[in-house]
Amino acid sequence: MTEMTNQPRVVVTTSWDDGHHLDPKLAALLDKYDVPGTFYIAPRNIEIDPANRLSHDGIRELTERHEIGGHTLSHKRLPFLSDDEARHEIQAGKDELEQIIGAPITTFCYPRGEYNAKHVGMVRESGFGLARTVDRHSLEVGDLFEAKTTINAYAHLVDGPTILRIARMRPAAAVKMYFNWEDFAMAWFDKCLREGGVYHLWGHSWEVDARGDWARLERVLDYICRRPDVEYVPNGALIA
Ligand SMILES: [Zn+2]
């Protein structure tokens with residue numbers, strides 16, 4: 001007997017931060033595997049050379065198949081700003097993106113995952129319905145304004161104990177995952193298929209590129225895509 005009748009609900013969502021000119025390359029990879037993405041963009045990101053920022057045309061083209069989300073106006077670290085500056089960064093980033101794409105945006109991502117309770121309130125007051133953090137290793141979204149994620153497309157060297165757990169205490173499998181984040185990402189997907197939940201993969205196109213991780217990311221997308229009875233949605237769909 002199979003468990004088909006009792007299958008847990010599985011949702012896949014992905015998000016990609018910053019608004020870099022390599023974002024369209026990442027979007028093309030998502031398109032190849034029919035996986036939607038939410039691109040969190042700071043249109044005047046001070047951490048990206050202006051020549052490398054995603055152009056307004058580039059942002060508009062992403063909206064054809066993907067979602068755009070807020071990431072503040074200039075990617076300043078919120079806890080280091082006055083309340084007025086933080087509120088302005090959150091709101092002006094939203095306003096500028098909405099002007100560029102000609103449509104409302106509903107999702108937000110805290111720059112570097114840094115925020116406090118006041119910022120949560122500001123994001124809510126600005127009219128967003130969800131705010132993503134950089135908390136990983138969860139198959140539950142939790143609080144919509146402190147939304148957790150599952151896996152970052154990046155090799156985090158501090159993940160040893162979690163990897164051993166997700167490898168179900170098999171040391172050889174754990175060692176493989178430790179050196180290959182894509183194996184860790186696929187093991188989390190298997191866990192999500194078994195237990196149900198929201199599988200949230202996120203990262204940065206510039207980081208994937210800098211680390212030569214395109215093939216690793218493609219392996220993960222190929223593994224998680226087009227599964228029967230799995231819903232593939234942008235982050236904004238989690239609000240409902
Ligand atoms: Zn960012």
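Residues numbered from 1 in each chain as written. Predicted model: local features only at pLDDT ≥ 70, side-chain atom pairs only at ≥ 80, totals over all residues. Heavy atoms only, no water.

Roughly 230 Å³ of volume is contained in the largest pocket. Along the wall of the largest pocket there are 16 residues; nearest its centre are D18, H75, R112, H204 and W206. Here the second largest pocket is characterised by a volume of approximately 190 Å³. Residue lining of the second largest pocket: I166, R168, R170, A173, K176, M177, D183, M186, A187, D190, R194 and Y223, and that is the complete set. The leading source of residues in the lining of the second largest pocket is helix α7 (residues 181-195), at five residues. Residue composition of the lining of the second largest pocket, by class: six nonpolar, no polar and six charged. (1 Å grid on protein atoms, 1.4 Å probe; cavity = no way out; pocket = protein on both sides within 12 Å on 5 of 7 lines; lining within 4 Å. Points joined across faces, edges and corners; volume = space filled by probe spheres on them. Helix = DSSP H or I, 4+ residues; strand = E, 2+ residues; numbered from the N terminus. Nonpolar A, V, L, I, M, F, W, Y, C, P; charged D, E, K, R; others polar.)

So, about the packing of aromatic side chains. As enumerated under the stated definition, the model contains five aromatic pairs in all. Measuring from centroid to centroid gives 5.4 Å for F108 and Y110, while their planes differ by 85°, and the two rings are edge-to-face. The two residues F108 and Y110 agree in class, both being buried. Measuring from centroid to centroid gives 4.0 Å for Y110 and Y115, while their planes differ by 15°, and the two rings are stacked. Residue classification places Y115 among the partly exposed residues on the basis of a relative accessible area of 22%. Through a chain of ring-to-ring contacts, the aromatic side chains of F108, Y110, Y115 and F128 assemble into a single cluster. Seen from the ring of F128, K94 lies directly overhead, with NZ or CZ sitting 5.5 Å from the centre. Over the ring of Y223 we find R227; its NZ or CZ atom is 4.8 Å from the centre of that ring. (Phe/Tyr/Trp six-rings, centres within 6.5 Å; stacked < 30°, edge-to-face > 60°. Buried < 20%, exposed > 50% of the residue type's maximum accessible area, 1.4 Å probe, protein only. Lys NZ or Arg CZ within 6 Å of the ring centre and 35° of its normal.)

Packed helix pairs are characterised by how far apart their axes lie and by the angle those axes make with each other. For the pair helix α1 (residues 23-32) and helix α9 (residues 214-224), the least separation of the axes is 10 Å and the interaxial angle reads 30°. Looking at the two axes, α1 sits roughly parallel to α9. As for how α1 packs across α9, the hand of that crossing is right-handed. The residues of α9 that touch α1, namely those facing K25, L26, L29, L30 and K32, are W214, L217, E218 and L221. The class makeup of the residues in the contact of α1 with α9 is six nonpolar, no polar and three charged. (Axes fitted to C-alpha atoms, helices over the stretch in contact; angles between N-to-C directions. Parallel < 35°, antiparallel > 145°, perpendicular 65-115°, else oblique. Left-handed = near helix turned anticlockwise from the far one by under 90°. Contact = heavy atoms within 4.5 Å.)

With that settled, consider the UniProt feature "domain: NodB homology" (unreviewed entry) in the protein. As recorded in UniProt, the sites labelled "domain: NodB homology" (unreviewed entry) are residues 9-240. Counting secondary structure, residues 9-240 comes out at 40% helix and 15% strand; the distance between its end C-alpha atoms is 15 Å. (UniProt positions renumbered as here; feature names shortened; annotations may be inferred.)

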